[in-house]
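# Topology and contacts: notes
Below, each chain spelled out in residue letters.
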Amino acid sequence: MRIVMVGSGYVGLVSGACFADFGHTVVCVDKAAEKIEALNKGVIPIFEPGLDQLVESNVKANRLSFTTELAGPVADADVVFIAVGTPSRRGDGHADLGYVYAAAREIADAIKGFTVIVTKSTVPVGTGDEVERIIREANPDADFAVVSNPEFLREGAAIEDFKRPDRIVVGLVDDRARSVMTEVYRPLYLNQSPILFTGRRTSELIKYAANGFLAMKITFINEIADLCERVGADVQDVSRGIGLDGRIGSKFLHAGPGYGGSCFPKDTLALAKTAQDNESPMRLIETTIAVNDSRKRAMGRKVIAAVGGDVRGKKIAVFGLTFKPNTDDMRDSPAISVIQTLKDAGAIVAGYDPEGMENAKQLLDIEFTSGPYEAADGADAAVLVTEWNEFRALDLERLKSVMRTPILVDLRNVYRKSELEVHGFSYTSIGKSSDI
Ligand code: NAD
């Protein structure tokens, strides 16, 4: 199959490289000339484990190429994926579909022969109808079908997720697209990944329902964690105790500083808006959003309390800035709110992240250091915000020796109180009363 990816960000680049690896011929297009220039020089503009080798080998095999010019590749394509961003619209929280519609208009002018246009971006119910209308209006003679094929990959494990998905969802209204999409994903269902064909609107909703449910699950365990702290229970044992129930499942039951990242915050908001607009409000999702929003600043206050209630003029070290490990993505990272809360209270913040420093520098006005011990140098407390492997086995003696006061606030429950106390630390975690 000849495939074009419009948008070469976290999703477009990973999907494009994986499709090429399946044996398809893929052209990744992006408006950002510096991204395409970097890719053409063999430099990967994002951090995603394994992506550099995957891109390199498929470029060498002439199956993967990069350009800013959409028209030529689209004219030759069997399938065109739209994988551009759908951020929250400023002001009202609806998904901003400006990039999707702009891409649709550009594609419309370039289509030649029967072409399947696939929205891989996360888009609200009905967007496929609008994309179809835009293309039809711009190019009444075009022969095309618009398909929804949401992406479920996780940053940090994106290649594995793309190549071994739990399921592939394809929503269509024009049955001619079914055989094309079957061909695109044939290598995957040889690997036994189920492919679920649905209506296009259903497919669009499946993505939001999945992200809404996962965000709700995280938020649920976070509230249980707060209750654990009040009643002398241990949230990690509660998670294990409920997660072993096959009806519940153990994933997404890790209490922490609240969900962040490029998807859950904006997708929960967009789902709530879609539901309100359709007079079917989703109170569970609305509450999830509100609970999660207030949690992030509450985590900042937790640090302030651990330091004795006043951080003015005190130095706080922050370990981990990205919204989760193994990515350089800072979008809506809980670290941003935690740090802002600390700074609002007068703290001096020094931070370190293994891969996110460049992106963090665009967003945060703090001291950036070359490692965790440098951040902790002279600090009155350290906060572990993102559970990078590098922070899982800190040299606690060394850490203590550089800090002014050995206080560790562990927002990811990586450590045990007993082991920290042996090294003379005062230790605070999530969802455990102070004696656990
Ligand atoms: P991103 O911001 O990393 O990438 C989007 C890219 O599209 C950018 O490089 C931008 O320059 C480019 N672009 C915008 N308009 C364009 C146009 N008209 N032509 C060519 N290129 C254009 O975004 P992302 O994280 O890859 O997310 C893309 C979509 O996938 C979103 O809808 C998101 O919700 C969804 N999604 C993301 C993830 C994830 O983990 N990041 C997972 C599943 C789904």
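Note that the structure is predicted; figures quoted are calculated from it, not measured. (Residues numbered from 1 in each chain as written. Predicted model: local features only at pLDDT ≥ 70, side-chain atom pairs only at ≥ 80, totals over all residues. Heavy atoms only, no water.)

Scanning the entire structure with this criterion turns up nine aromatic pairs. Aromatic side chains F19 and Y185 sit 5.5 Å apart centroid to centroid with 65 degrees between the ring planes, which places their arrangement in the edge-to-face category. Linking F19 in helix α1 (residues 10-22) with Y185 in the loop between α8 (176-184) and α9 (186-190), this pair joins segments that are 166 residues apart in sequence. Here F19 and Y185 have matching classes, each one buried. In textbook terms, an aromatic cluster arises when at least three aromatic residues are bridged by ring pairs, as seen for F19, F22, F81, F162 and Y185. The lysine or arginine in question, R178, covers the ring of F197, its NZ or CZ lying 4.5 Å from the ring centre. If you follow R398 out to its NZ or CZ, it ends over the ring of Y373, 3.9 Å from the centre. (Phe/Tyr/Trp six-rings, centres within 6.5 Å; stacked < 30°, edge-to-face > 60°. Helix = DSSP H or I, 4+ residues; strand = E, 2+ residues; numbered from the N terminus. Buried < 20%, exposed > 50% of the residue type's maximum accessible area, 1.4 Å probe, protein only. Lys NZ or Arg CZ within 6 Å of the ring centre and 35° of its normal.)

Moving on, we get to unusual backbone geometry. With the exception of glycine, the majority of residues adopt a negative phi angle, and the majority of peptide bonds are in the trans configuration. Unusually for a residue other than glycine, E279 sits at a positive phi of about 50 degrees. Turning to its location among the elements, E279 is positioned in the loop between α12 (264-277) and α13 (283-306). Residue E279 is classed as exposed on the basis of its relative accessible area, which comes to 72%. Phi angles above zero are rare outside glycine, and D332 is one such case at about 55 degrees. Checked against the element boundaries, D332 lands in the loop between β9 (315-319) and α14 (334-344).

The next subject is the site of the ligand. Neighbouring residues of the ligand: 25 residues in total, closest D30, K35, T86, E155 and K266. The side chain of T86 places a nitrogen or oxygen atom 2.6 Å from an oxygen atom of the ligand. A distance of 2.9 Å separates an oxygen atom of the ligand from a polar backbone atom of T122. Considered on its own, the ligand offers 830 Å² of accessible surface; in the complex 90% of this is hidden by protein. Among the elements of the structure, α1 and α5 (98-110) are those that each provide at least two residues to the shell around the ligand. Residues that form the shell around the ligand fall into these classes: nine nonpolar, seven polar and nine charged. (Near = heavy atom within 4 Å. Polar contact = N/O pair within 3.5 Å; in protein donor to acceptor, adjacent residues only side chain to side chain. Areas by Shrake-Rupley, 256 points an atom, 1.4 Å probe, with all protein chains shown as cover. Nonpolar A, V, L, I, M, F, W, Y, C, P; charged D, E, K, R; others polar.)

Turning to the packing of α5 against helix α6 (residues 127-138), a few remarks are in order. Following both chains from N to C, one finds α5 and α6 inclined at 35 degrees, their axes separated by 8 Å at the closest point. The interaxial crossing formed by α5 with α6 has right-handed handedness. Between α5, through V100, Y101, A104, R105, A108 and D109, and α6, the contact on the second element is made entirely by T127, E130, V131, I134, I135 and A138. (Axes fitted to C-alpha atoms, helices over the stretch in contact; angles between N-to-C directions. Left-handed = near helix turned anticlockwise from the far one by under 90°. Contact = heavy atoms within 4.5 Å.)

A few words on the UniProt feature "binding site: NAD(+)" (unreviewed entry) in the chain. This chain's UniProt record puts "binding site: NAD(+)" (unreviewed entry) on D30, K35, T86, T122, E155, K266 and R331. In terms of the greatest pairwise C-alpha distance, the residues named above, spread along 302 residues, do not form a single cluster, extending to 24.0 Å across. Its location among the elements puts T122 in the loop between β5 (115-119) and α6. Residue class for T122 comes out buried when judged on its relative accessible area of 10%. Dropping the residues within four chain positions of it, T122 is found in contact with T86, K207, Y208, K266 and D267. When you line up the elements, R331 lands in the loop between β9 and α14. (UniProt positions renumbered as here; feature names shortened; annotations may be inferred.)

All right, on to the pattern of salt bridges then. With the rule as written, the count across this model stands at 31 salt bridges. A salt bridge links E130 to R133; the nearest nitrogen and oxygen atoms lie 2.6 Å apart. Of the two residues, E130 and R133 both sit in helix α6, three residues apart, roughly one turn of that helix. Ionic pairing is found between R247 and D245, a salt bridge with its closest N-O pair at 2.8 Å. What emerges from the salt-bridge pattern is a single network uniting D129, E132, R200 and R201. (Salt bridge = Lys/Arg side-chain N within 4 Å of Asp/Glu carboxyl O.)

Interhelical geometry of α12 versus α13 gives an angle of 145 degrees and a closest axis separation of 9 Å. Where α12 crosses over α13, the two elements pack in a sense that is left-handed. Seen from α12, the contacting residues are T268, L269, L271, A272 and Q276; seen from α13, they are I285, E286 and I289. Among the residues making up the contact of α12 with α13, the classes are represented as five nonpolar, two polar and one charged.

Moving on: the UniProt feature "binding site: substrate" (unreviewed entry) in the chain. According to UniProt, the positions carrying the feature "binding site: substrate" (unreviewed entry) are F152, L153, R154, E155, K207, F252, L253, H254, A255, G256, G260 and K324. Taken together, the annotated residues stretch across 173 residues and extend over separate regions, lying up to 23.6 Å apart by C-alpha. Its place among the elements puts K207 in helix α10 (residues 200-231). When residues no more than four places from it in sequence are discounted, the contact partners of K207 are T122, P150, E151, F152 and D267. At a separation of 2.7 Å, a polar atom in the side chain of K207 contacts the main-chain carbonyl oxygen of E151. As for its placement among the helices and strands, K324 is situated in the loop between β9 and α14. Here K324 is in contact with R154, E155, T386 and W388, once residues within four sequence places are set aside. Of the polar contacts made by the side chain of K324, one reaches the backbone oxygen of E155; its length is 2.9 Å.

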